[in-house]
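Spelled out from the first residue to the last, the chains are:
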Amino acid sequence: MPNLVIVESPSKAKTIERYLGKDFRVLSSMGHIRDLPAKELGVDVEKDFEPTLIVTNKKQAMLLRKEAKVADAVYLATDNDREGEAIALDLYETLKKKNEKTPYYRVVFNEITKAVILESINNPTEVDQNKVEAQRARRILDRLVGYLISPVLSKALSGNKFEGLSAGRVQSVGLRFICERELEIQAFVAEEYWTMSADLAETEKDEAFNAKLHFFKGKKPSIPNKEAADAITAELANLSFNVKEVKNEKQTRKPPAPFITSTLQQTASSQLGFAPKKTMLLAQQLYEGVELGKGPEGLITYMRTDSLRISDQAMEQAREFIDKKYGKEFLSPEPREFKNKKKSQDAHEAIRPTNPEYTPQAMKAYLDKGQQRLYEMIWQRFMATQMADAEYARTKVTIEAGDYEFRTSVSSCTFEGFLKVMPLPPLQDESMSLPSLSDGQTLHHHKTISDQHFTEPPKRYSEASLIKEMEAQGIGRPSTYASIVSTIQDRNYAAKVKGQLRPTLLGFITSDFLKEFFPIAIQTDFTANMEDDLDKVAVGNMTRLDVLKGMYTPLSKRMDTVEAALKEGKLNFQTVTDYVCDNCGNPMEVRFWKGSKYLGCTNYPECKNTVDFPETVDFEYQPHMVKVQEQLKAEKEKEKAMGDRPCPTCAAPMNIKQGPFGRFYGCSRYPECKTTEPITAKAPCPNCGNTLVERYSKKRRQNFWGCSQFPICNFTSNEEPLAACPSCEEGVLIAKDDEMLACTNKNCGHTEAIVADAAEAETPAEAEEVAASS
C-alpha cells in the first residue's frame, strides 16, 4: 500500500503528492485534530495542570485512521513550529494503535519544492517533545487566563456571566498599548513653534535655492512665536550671507534585511494597505503552492519565522541570477548575511522566494492581484539583500549670517545598486538643485521665510505599528501577531478608523478593569518574561510545570480576592458619565448587554431609565468617567430633524432606537406594539431603484447606506444619499461639504450647491427667503 503523508492544510496536499509520485498519498489533518474541550476548563490544576485533550475533528480522524491502518509508513509533515509539532504528536497518539507495526516518521518542509520535499522524506526525524511541551504550556496558559478572568469581567461589566467578554493573555497587553496611546492623545496640548529658512542666490538675478536655519550661536534655535520669528527676520535683513563650507562626499544606501513575519506584516500594512490577517493568508497561499501550468509549486519559504538566516544554497542561487541578469557590478562584494535578534528562535530561514528565476513579472499570469503584490515585495526584498549598495554624491553647504548658521544639501544617485530591483522613495534632498558654490563666497539674500507649526500628539497605533511595538516589548511571537491584532478588533475592543486603531468604550473599560483587579494580565514585563520562559521550554531549559506554576500562583490569589468581593456585592466597578438622568437627576453609567452598550441610571432599581448609546457617537474617556452628554444631545437633535413618523400598525409615534446592527424606527408603544422599520434615504438605489437603508458596520464602527435588496444588489455609500444624480444613473448626491453636493460616481463629476429646505426655517420670514432664493 502507498505511504501516507499527513500535512496540516489541504491546499498543499496536491502539490506535495505530485512531487512524491504514486507510492505516496498525501492527506490533511485540517489543522488541530485534538484540543481542550470548548465548554469547560479542561485543565486539572490539582494534577500538575494536566490537560484533557479530546478529538475535535472526529470525521477527519476516522478518515486518517482508516488510511494509516493500511499504509506502509506514515509521515507526519505538519508545519515546523510548536503548533505543528504538537499536531504531529496528536496525530501519532490518535492514529497509532498499541500493537500496530506501521512505522511513523516526522518530516518538515521549509519550502514546498520538489528538491526540499524529497530530501525531507529521505531524512526523517522525530517529534520534538520540547516544542510540544512549549505549545501545551502556551495553550494551558491561555485557557487558564481566559476561563478564569473572562467570566468575572463579564459579570462585573454586564451582570451576565455569559456575555462573551474576553481577557486573553497577550491581547490584553496589546489592548493596553492602544488605550494608553489614546489617553496620551486626549491629554496632549499642542505647542506653537516656528522654523525659518532663507532663499539665497549667487547674484540678485540668479534663481534662488533654499537653506534652513540650523543653529544660532552654536545651538538649535528656539522660535516660540511670530514675534520671535519677525525679530530674526528683521535682524537677518541687515546681515551678510557667506558660504562657510562646501563639502562633497560619497554616501551609500544599504538594502534592508530580508523579511521575517513581523516586518512582512508591517511593510504589507504600510505599503500595500493589507491587514496582518490578509498578509498571512496570502503568504500561506504562496507557501503552499500556486498552479503554474505544469502543476502547483510553492513560491516562498515558510512565512512564520523570526530568523534572518538565509541558506547557502539560496544565497548562491540569488547571486547567480543577479550576475546573469544585471552584471557583476550589481552584486555585493561578499554574500550579505544578517544577524538575528537575541530572542530569535532561528527555527526557519527568513521569508524568501523559493526560486529567483520566478520573477514577479513571470508569475503575474498565475497570481491574483493580492498574491502578486505581496510576492513582488518579498522577491524584491530578498534579491536586494545580495546586491551592491546604492551610491550617492552629496554636496553639503554651510552658510553663515552673523551668529546664524544655515544649511542645505543636494544628493544625486551615481549607482543604482539594489535600487535596480527594489525602488525606494528618493532621498529628501534628491529633488534639490544648487549652483556651484565655493568657500567664502558672498550670496545674495532674496528673502527670509518663517513657517508656523504646532507640535503634534503621538500617532495612534496602526496594525503595523502595534505589531512593531509588541515585537519590541517581547509580546507574542511570529505565529501570534496577526491573531492578536485581529482578536482585539473582533472583540470590539478597538476599531480601525482610517487605518488607525482607536479603542472603543468597551476596550477602555475592559483595560481599566484588568488594570485594577488583574494587573498581572496586562503587565508588559510579566507577559514578555512568560514568552521567554516558553522559549526556554522549547529548547529543554525549563519545564512546562515551572512556567504554569509561575503564572497560576499569583493569578489564583488575585482571583480568590476578586471572586469573594463579587460574591459579597463589594466589587465596585462603575463607569459613570456626565449624562444626567431625565427622570430623577442622578448621573447615568455605562452598561453592556449582548454586545451593545447603553446608559442606565445609577439609582437603579428605584429608577430604571435607560438611554441608547450608539457606537457612532464619540466620547471622551477618563478612568471611571465618560464625557458624552453633549454628543448624545447632538445625536438627539439629529433624530428630531428627521421628523415625526407614525407607526403603520397603530399610528403611535415611532422613535429611533439603537440595535446591534445600527439605528431603526421602533414603535413608542413597545412592547404592546413591536413594529419596526428601517431608516431610509431620500434617494433611491441608483443600481436597481429600490430603497436605500441605513446600516451599521461593526468592523469599521460607522454607519453606512446600502440597498434594501442586498445581497442581490450590493450598492453602498458611506455618506447619506440626499438625492438622485441628475447627470448620470450610476451615483447619488452626497454632501461634499456644507455648501456643495457631489455625485458618488467618480466618472460623473456632477456637483451642485446645497439649497436650504424651507421646512427647516425657524421663522416664516426665513421660509419666504429660502423659497425666493430657490
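See above for the structure.
Every value quoted in this text rests on a predicted model; they were computed, and no experiment measured them.

Observations regarding the environment of Ala 71
Then comes step 1: Structurally, Ala 71 is set in the loop between α2 (58-70) and β7 (74-76).
Then comes step 2: Exposure remark for Ala 71: the relative accessible area of 9% places this residue in the buried category.
Then comes step 3: For the pair formed by Ala 71 and Pro 503, sequence separation is 432 residues and the distance between their alpha carbons is 53 Å.

Considering the sheet that holds strand β35 (residues 751-753)
Strand pairing in a sheet is mediated by backbone hydrogen bonds. Such pairs are either parallel or antiparallel.
Then comes step 1: The strand order β32-β33-β34-β35 describes an open sheet built from four strands, whose pairing is antiparallel. Two strands lie at the open edges of the sheet, namely β32 (723-724) and β35, each paired on one side alone.
Then comes step 2: Pairing of strand β34 (residues 740-743) with β35, which is carried by three bridges, proceeds in the antiparallel orientation. If you follow Met 740 over to β35, its bridge partner there is Ala 753.

Considerations on the sheet that holds strand β29 (residues 691-697)
Then comes step 1: Read across the open sheet, the four strands follow the order β28-β29-β30-β31; overall the sheet is antiparallel. Looking at the sheet topology across the chains shown, the edges are occupied by β28 (680-684) and β31 (716-717).
Then comes step 2: Direction of pairing for β29 relative to strand β30 (residues 702-707): antiparallel, over a ladder of six bridges. Across the sheet, Tyr 696 pairs through a bridge with Asn 703, a residue of β30.

Observations regarding empty space enclosed by the protein
Then comes step 1: In this structure the tally under the stated criterion is three cavities of 30 Å³ or more.
Then comes step 2: Space inside the largest cavity adds up to approximately 110 Å³.
Then comes step 3: What lines the largest cavity is Val 145, Ile 149, Arg 169, Ile 520, Ala 521, Phe 526, Thr 527, Met 530, Met 551 and Leu 555.
Then comes step 4: Counting only elements with at least two residues in the lining of the largest cavity, the list comes to α5 (129-158), α16 (524-538) and α17 (544-567).
Then comes step 5: Sorting elements by how many residues they give to the lining of the largest cavity places α16 first, with three residues.
Then comes step 6: Its residues assigned to classes, the lining of the largest cavity comprises eight nonpolar, one polar and one charged.

Considering unusual backbone geometry
Negative phi is the rule for most residues except glycine; trans is the rule for most peptide bonds.
Then comes step 1: Here the residue pair Tyr 604 and Pro 605 is connected by a cis peptide bond, since its omega of 10° sits within 30 degrees of zero.
Then comes step 2: Here the amide bond leading from Tyr 670 into Pro 671 is cis, since omega sits at 10°, within 30 degrees of zero.
Then comes step 3: By the element assignment, Pro 671 lies in the loop between β26 (662-667) and β27 (676-677).
Then comes step 4: One non-glycine residue with positive phi stands out, namely Met 30, at about 60°.
Then comes step 5: Mapped onto the elements, Met 30 comes out in the loop between β2 (24-28) and β3 (34-35).
Then comes step 6: Judged by relative accessible area, Met 30 falls into the partly exposed class, the value being 45%.
Then comes step 7: The phi angle at Ala 651 is positive, at roughly 70°, despite the residue not being glycine.
Then comes step 8: Turning to its location among the elements, Ala 651 is positioned in the loop between α18 (629-641) and β25 (654-659).
Then comes step 9: Its relative accessible area of 56% is what places Ala 651 among the exposed residues.

Side note on the packing of helix α10 (residues 312-326) against helix α12 (residues 369-385)
Then comes step 1: Two elements in contact, α10 and α12, have axes separated by 9 Å at closest approach and are oriented at 90°. Judged by the inter-axis angle, α10 sits roughly perpendicular to α12. Every residue of α12 that contacts α10 at Ala 314, Ala 318, Phe 321, Ile 322 and Tyr 326 is listed here: Trp 379, Phe 382 and Met 383.
Then comes step 2: Among the residues forming the contact of α10 with α12, the class breakdown is eight nonpolar, no polar and no charged.

Remarks on a negative patch on the surface
Then comes step 1: A surface patch of like charges, here negative, comprises Asp 312, Glu 316, Glu 320 and Glu 337.
Then comes step 2: Looking at the secondary structure, you find Glu 320 in helix α10.

Cut-off values and rules
- Residues numbered from 1 in each chain as written.
- Predicted model: local features only at pLDDT ≥ 70, side-chain atom pairs only at ≥ 80, totals over all residues.
- Heavy atoms only, no water.
- Helix = DSSP H or I, 4+ residues; strand = E, 2+ residues; numbered from the N terminus.
- Buried < 20%, exposed > 50% of the residue type's maximum accessible area, 1.4 Å probe, protein only.
- Pairing = 2+ DSSP bridges.
- 1 Å grid on protein atoms, 1.4 Å probe; cavity = no way out; pocket = protein on both sides within 12 Å on 5 of 7 lines; lining within 4 Å.
- Points joined across faces, edges and corners; volume = space filled by probe spheres on them.
- Nonpolar A, V, L, I, M, F, W, Y, C, P; charged D, E, K, R; others polar.
- Axes fitted to C-alpha atoms, helices over the stretch in contact; angles between N-to-C directions.
- Parallel < 35°, antiparallel > 145°, perpendicular 65-115°, else oblique.
- Contact = heavy atoms within 4.5 Å.
- Patch = residues over 30% accessible without salt bridge, like charges linked within 9 Å, V, L, I, M, F, W, Y side chains within 5 Å.
- Areas by Shrake-Rupley, 256 points an atom, 1.4 Å probe, with all protein chains shown as cover.
- Salt bridge = Lys/Arg side-chain N within 4 Å of Asp/Glu carboxyl O.
- Lys, Arg positive; Asp, Glu negative; His and termini not counted.
- Charge placed at Lys NZ, Arg CZ, Asp CG, Glu CD.

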